[in-house]
Amino acid sequence: MTETRENTVKRLRMRSMRRGIKEMDLILSAFADARLAGMSDDELVLYDQLLSENDHDIYGWVGGQFAVPDHYAALVAEIAAGAHGVTRPA
């Protein structure tokens, strides 16, 4: 059974706010609210893959502490652009 786009967006939004660490809840839920509805199907697939990564790794990528895997670089840069004050004090 194939998931509808509407259900995919809802599922990804929920996965964005129910993370393992609170900082990622804040960062990813804000990103999801702002961007999910306008993402292409391919972008949604990539975001879904990102959400399967470890929260501490994602947080390090967003905060610039770790090198970002090439396939996530543009997506993580976009997420990081909206995460000021959460990954580092403003």
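Scroll up for the structure.
Residues numbered from 1 in each chain as written. Predicted model: local features only at pLDDT ≥ 70, side-chain atom pairs only at ≥ 80, totals over all residues. Heavy atoms only, no water.

Peer 1: Describe the packing of aromatic side chains, naming the residues involved and giving the relevant values.
Peer 2: The final tally for this structure, using the stated rule, is two aromatic pairs. Residues phenylalanine 31 and tyrosine 47 carry aromatic rings whose centres are separated by 5.4 Å and whose planes lie at 40° to one another, so their mutual orientation is tilted. Here the residue phenylalanine 31 occupies a position in helix H2 (residues 22–35), and tyrosine 47 occupies one in helix H3 (residues 41–51), the gap between them amounting to 16 residues. Take tyrosine 47: its relative accessible area is 0%, and that puts it in the buried class. Here the aromatic rings of tryptophan 61 and tyrosine 72 are separated by 5.7 Å at their centres, their planes lie at 35°, and the arrangement is tilted. Of this pair, tryptophan 61 sits in helix H4 (residues 55–63) while tyrosine 72 sits in the loop between H4 and helix H5 (73–81), placing them eleven residues apart in sequence. Taking relative accessible area as the criterion, tryptophan 61 reaches 10% and is therefore assigned buried. (Phe/Tyr/Trp six-rings, centres within 6.5 Å; stacked < 30°, edge-to-face > 60°. Helix = DSSP H or I, 4+ residues; strand = E, 2+ residues; numbered from the N terminus. Buried < 20%, exposed > 50% of the residue type's maximum accessible area, 1.4 Å probe, protein only.)

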